[in-house]
Amino acid sequence: MGDVLAGFHAAWEFESDSVLIRYVRGIRTPKLFQALGERRVPLEAVESVSLTPGKRGTVVLRLEPRPGADPLMEAAAGQLKESCDPYRLVLPAERETLAEYYADELRAQLTESGPAERHLVAAPEAPLQFKAYDGKATFDGTSVAFRWFWTGASSAKWKAGDQRFPVSELSGVEWRSPEVFEGHLRLLRRDTTAPAPAQADQDPAAVVFGLGYGPVHESLPFAAAVLAAVWDCAAVPAISPAAGTVGVTSARRDPADIAERIRHLGELHQAGLVTDEEFSSKKAELLAEL
């Protein structure tokens, strides 16, 4: 079609096989939209199109993505507020006739339905990072790292130390919105025999959110990018060492960072939160990273 339909927070450009959604920057535009920038949605990723009355003299044109087609919506798992739904285009009511025209045009081009076998909408690109309440999360495209904050991390996480999880060792991501009680991002690991702690603040494979920590526009794109990488990794056959793979040597840590962590470990030890054996063992692990 090649036409553009502009709404309050976004503009949709209709192309022959996709809809290019460009989100408008502004103080009233949800921060999630601003973080996404723009998204191309292939028509094969869309299951249906609807046009419904909105609030205060508006109409809403919405695409319904197929299950599994968009890693962002898969990670969100129905937790996004309606105003932050990236598939809604809010228009003045006087443009309803025009919106209905485009809705009919889109419906005529839809040929797919049901769960998608792979992600069809691109995930946010790495590297990505955000600050949670108890640590900093980073994702470089191949692994997720959690670096704990001594002001927020539990003693269980300090005992475990900073964490790094290769995407190949993950089976999924659990995102709980920071806008609800006990929000967190938890990495789901493959082939683990020990059950994960029920509380995210005790799980070294999770970071917890709080007021101002892990906001939706930072933590959800992060979760979506990790989820997409996990799916992509699962779709690629593993290559055995015999086929000529080269081992990767982990980078050495900053000595000042190690010293700070040993100091804090000593404080936990003096406070009785870490046993003598745990202190000696963890200290040895940290020194070995120099």
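Shown above is the structure to which this text applies.
To keep things clear, this report deals only with the structure shown in the data block.

1. Notes on the overall build of the protein
A tally of regular secondary structure across the protein gives seven helices and 14 strands. Across the protein, every contact between residues at least 6 apart in sequence was considered, and the portion connecting residues at least 24 apart equals 59%. As presented, the protein carries roughly 15,600 Å² of accessible surface, and 52% of it is formed by carbon and sulfur atoms.

2. Looking at the pairing of strand β10 (residues 143-148)
Sheet faces and side chains relate simply in a regular strand, where the side chains alternate between the two faces. Counting buried positions along β10 gives five out of six residues, so the element sits mostly inside the fold. In this structure, strand β9 (residues 135-139) lies alongside β10, joined through five bridges in antiparallel fashion. Opposite threonine 138, over in β10, you have alanine 145 as the bridge partner. Between β9 and the antiparallel strand that follows it, β10, lie three residues; glycine 141 among them carries a positive phi value of about 105°. For β10 and strand β11 (residues 163-166), the ladder comprises four bridges, and the chain directions are antiparallel. By the bridge assignment, phenylalanine 146 is partnered in β11 with glutamine 163.

3. Focus on the sheet that holds strand β5 (residues 46-53)
Strand order in the open sheet made by the three strands is β5-β6-β7, with antiparallel pairing throughout. Of all the strands in the sheet, just β5 and β7 (88-92) have a single pairing partner and so form its edges. Strand-to-strand twist across the sheet, computed as the mean angle between neighbouring axes with direction ignored, equals 15°. Sheet analysis places strand β6 (residues 58-65) next to β7, joined by five bridges and oriented antiparallel. Looking at the pairing, threonine 58 lines up with proline 92 of β7.

4. Considerations on the pattern of salt bridges
Under the defined criterion, the tally for this structure stands at 15 salt bridges. In this structure, the salt-bridge partner of arginine 22 is glutamate 13, at a minimum N-O distance of 2.8 Å. For arginine 62, the salt bridge goes to aspartate 85, with nearest N and O atoms at 2.6 Å. Of this pair, arginine 62 sits in strand β6 while aspartate 85 sits in the loop between α2 (71-76) and β7, and the two are 23 residues apart along the sequence. In this structure aspartate 85 comes out as buried when scored by relative accessible area, which is 9%. Connected through shared salt-bridge partners, Glu174, Arg176, Arg186, Arg189 and Asp203 make up one network.

5. Points about helix α3 (residues 96-109)
For α3, spanning 14 residues, the distance from its first C-alpha to its last is 20 Å, which sits close to the expected 20 Å at 1.5 Å a residue. Along α3, the residues classified as buried are Ala99, Tyr102, Ala103 and Leu106. The buried residues of α3 occupy an angular sector of 105° when the element is viewed end-on, so they sit on one face. Residues of α3 that are exposed and angled more than 90 degrees away from the buried face: Thr97 and Ala108. In this fold, the buried residues of α3 make contact with β1 (4-6), β2 (10-14), β3 (18-23), β5, β6 and β7.

6. A look at the side chain of arginine 62
In this structure arginine 62 comes out as buried when scored by relative accessible area, which is 19%. At a separation of 2.6 Å, a polar atom in the side chain of arginine 62 contacts the side chain of aspartate 85. With near-sequence residues (within four places) excluded, arginine 62 lies in contact with Trp12, Ser48, Val49, Ser50, Asp85, Tyr87 and Arg88.

7. Things to note about the packing of aromatic side chains
Scanning the model with the defined rule gives ten aromatic pairs in all. Judged by centre distance (5.1 Å) and plane angle (70°), the ring pair of tyrosine 101 and tyrosine 102 falls under edge-to-face. A relative accessible area of 41% places tyrosine 101 in the partly exposed class. What makes tyrosine 102 buried here is its relative accessible area of 6%.

8. Regarding the nonpolar core
Trp12, Phe146, Leu185, Leu187, Leu220 and Val226 are the most contacted members of the largest nonpolar core, which totals 66 residues. A per-element tally of this core places helix α5 (residues 216-235) first, with ten residues. In this structure phenylalanine 146 touches Lys136, Ala137, Asp162, Gln163, Phe165, Leu185, Leu187, Pro204, Ala205, Ala206 and Val207, once residues within four positions along its chain are discounted.

Parameters and conventions
Residues numbered from 1 in each chain as written. Predicted model: local features only at pLDDT ≥ 70, side-chain atom pairs only at ≥ 80, totals over all residues. Heavy atoms only, no water. Helix = DSSP H or I, 4+ residues; strand = E, 2+ residues; numbered from the N terminus. Contact = heavy atoms within 4.5 Å. Areas by Shrake-Rupley, 256 points an atom, 1.4 Å probe, with all protein chains shown as cover. Buried < 20%, exposed > 50% of the residue type's maximum accessible area, 1.4 Å probe, protein only. Pairing = 2+ DSSP bridges. Axes fitted to C-alpha atoms, helices over the stretch in contact; angles between N-to-C directions. Salt bridge = Lys/Arg side-chain N within 4 Å of Asp/Glu carboxyl O. Expected span 1.5 Å × (residues − 1). Arc of directions from axis to C-beta. Polar contact = N/O pair within 3.5 Å; in protein donor to acceptor, adjacent residues only side chain to side chain. Phe/Tyr/Trp six-rings, centres within 6.5 Å; stacked < 30°, edge-to-face > 60°. Core = buried A, V, L, I, M, F, W, Y, C linked by side-chain atoms within 4.5 Å.

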